[in-house]
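Structure at a glance
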Amino acid sequence: MDIPQDLKTVEWRDGRVVMIDQTRLPGELVFVEYETYGQVADAIRNLVIRGAPAIGVAGAFGLALAASRSTAGTVDSLMADLCTARDELLGTRPTAVNLKWGLERALAAAEKCTDADSMRRAVVDESLAMAEEDVKTNKEMGKNGSGLIGDGETVMTHCNAGALATVSYGTALGVIRATREAGKNIRVIATETRPVQQGSRLTAFELMHDGIDVRLIPDTAVGYSMAQGLVDKVVVGADRILGTGHVYNKIGTYQVAAMAARHGIPFYVAAPLSTFDLDSGPEDVVIEQRKAAEVTGIGDSMTAPDGVGVINPAFDVTPPELISGIITEKGVAAPPFKESIRALFG
Ligand SMILES: CSC[C@H]1O[C@H](OP(=O)(O)O)[C@H](O)[C@@H]1O
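It should be emphasised that the depicted structure is a prediction, and the values quoted were computed from it without experimental measurement.

Going residue by residue along strand β1 (residues 10–13), you find V10 and W12 tucked away on one face and E11 and R13 left uncovered on the opposite face. Note that β1 and strand β2 (residues 16–20) share four bridges and pair antiparallel. Along β2, the bridge assignment pairs R13 with R16. As consecutive antiparallel partners, β1 and β2 are separated by two residues, and within that stretch D14 has a phi angle of approximately 50°, a positive value.

Here it is, written out as structure tokens:
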């Protein structure tokens, strides 16, 4: 498969939103184009695009489509249209705080304007700025995390926190990329990450494309791999991090963290400041529950009896006591996290 070097997960191109259809990977690299915010909302809902920073930027681009296509002639009527679009986009996936962050940042840019046309331009410009900043942020984060990974080490990661979860370069995989760019020879163990298989379909795809040594394991082999001494460090992404250091990430992350603690393996989380939510407590966070079909079959083949009951949360929460450090573009927060996270925000 021929993959362009400057590949972006999501882009604004000639007044349209262009994104990789991640449901088609790893078999096909297909780009889809959207002209309405409703289409972008469906893409986020159906995991055409996924990953906290990626959906934050996609949400902002969705608002840019709403602004560009609205026929509203006044500030108030255009703002009403933008709020309608914001509500639909925000309602697509509840756990990753980046979606709310991206939408609110685009709306804040609109609120500063005094006429409809400048509002349209402001929303587009702000969403483009977020997309550009995301890549820069990931590279700064990668550099900050690369110092934690030693030459010759093997790093386990869970789900996909790579270029495909961001505009480009990635968060956890950004740390992997930066470590390689620092001249260190490292290997990766990637979990398959049932039920949607972001690890086998996306992380393995990205790392093989980059020529990084990656071994794929079933989620059930996390404990075995650690017990066999195959894992030196763990680095994962995040969808929401509270001021207490509680990390919401792909289902199964908590189990990986608990196993790492059992085996004395450092467990790191890599996330931009836009993933932090200092205003919420655990009681405020909604864990997305996804459809049963993701668990009872793969593609068109059924792997469970028809009608079986299913529990399919898309995320879980890892408590701060299982986390060795949180890698950000501003530096690495170390325990105790209440103080070190507050320091990240100055
Ligand atoms: C860099 S954030 C990636 C984060 O998002 C993934 O969830 P999903 O694929 O359902 O959007 C997973 O939690 C990753 O760690």
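On we go from here.
The biggest cluster of nonpolar side chains holds 48 residues, and the ones touching the most others in it are V10, M19, L63 and L82. The set of elements that each furnish at least two residues to this core consists of β1, β2, β3 (31–34), α1 (37–45), α2 (52–69), α3 (75–90), α4 (97–111) and α5 (116–146). Here this core gets twelve residues from one element, more than from any other, and that element is α2. Ignoring anything within four residues of it in the chain, the contact list for M19 reads T9, V10, V30, F31, V32, Y34, A43, V48 and I49. Core analysis: the second largest hydrophobic core is formed by 28 residues, A221, M226, V234 and A257 among them.

An ideal rise of 1.5 Å per residue puts 16 Å on twelve residues; helix α7 (residues 198–209) measures up with 15 Å between its terminal C-alpha atoms. Extensive coverage of α7 is indicated by the burial of ten of its twelve residues. Residues of α7 that are buried: Q198, G199, S200, R201, L202, T203, A204, F205, E206 and L207. Taken from the residues just after α7, G211 is the one with a positive phi, measuring 75°.

Domain annotation of the chain identifies domain 1 (10–138) and domain 2 (143–344). Between domain 1 and domain 2, the C-alpha centre-to-centre distance is 25 Å. Listed as interface residues are 26 residues of domain 1 and, on the opposing side, 34 residues of domain 2. Looking only at domain 1, the three residues that lose the most surface to domain 2 are R50, T95 and N138, adding up to 26% of its buried area. Remark: the boundary between domain 1 and domain 2 carries one salt bridge. Of the charged contacts, one joins E288 and R93 as a salt bridge, the two residues approaching to 2.9 Å between their closest N and O atoms.

Turning our attention to the sheet that holds β2. Spatial ordering of the open sheet is given by β1-β2-β3, a layout of three strands whose pairing is antiparallel. Edge positions in the sheet fall to β1 and β3, since each of these pairs with one other strand and no more. Strand after strand, the sheet turns through a mean of 25° between neighbouring axes, direction not considered. Relative to β1, α2 is tilted by about 20°, and along the sheet it contacts β1, β2 and β3.

We now examine unusual backbone geometry. Along the chain, L25 connects to P26 via a cis peptide bond; the corresponding omega equals 10°. Mapped onto the elements, P26 comes out in the loop between β2 and β3. With omega at 0°, the peptide bond leading from R194 into P195 counts as cis. Note on placement: P195 falls in the loop between β5 (187–191) and α7. A positive phi angle, near 60°, is found at Q197, a position not held by glycine. Since its relative accessible area comes to 15%, Q197 is described here as buried.

What counts and how
- For every chain, the first residue of the written sequence is number 1, and numbering continues from 1 along that sequence.
- Given that this is a predicted model, residues contribute local features only at a pLDDT of at least 70 and side-chain atom pairs are listed and counted only at 80 or more, while totals for whole chains, interfaces and linings are drawn from all residues.
- To get the side-chain values, all heavy atoms of the structure are used, and hydrogens and water are removed first.
- Summary of the burial criterion: residues with accessible area below 20% of their type's maximum are buried, those above 50% are exposed, and those between are partly exposed, where the area comes from a 1.4 Å probe applied to protein chains only.
- Numbering goes from the N terminus for both helices and strands, where a helix is a DSSP run of H or I of at least four residues and a strand is a run of E of at least two.
- Any two strands are treated as partners once DSSP identifies two or more bridges connecting them.
- Buried Ala, Val, Leu, Ile, Met, Phe, Trp, Tyr and Cys residues that are joined via side-chain atoms within 4.5 Å together make up what is termed a nonpolar core.
- Contact between two residues is taken to exist if any of their heavy atoms lie within 4.5 Å; hydrogens are not considered.
- Any helix carries an expected span of 1.5 Å times its number of residues minus one.
- What marks off one domain from the next here is an automatic or database domain assignment.
- Here the buried area means the combined drop in accessible surface, using a 1.4 Å probe, for two parts upon being joined, counting both sides.
- What counts as a salt bridge is simple: a side-chain nitrogen of Lys or Arg found within 4 Å of a carboxyl oxygen of Asp or Glu.
- Here the axes come from fitting lines to C-alpha atoms, over the contacting stretch only for helices, and the angles between their N-to-C directions go from 0 to 180 degrees.

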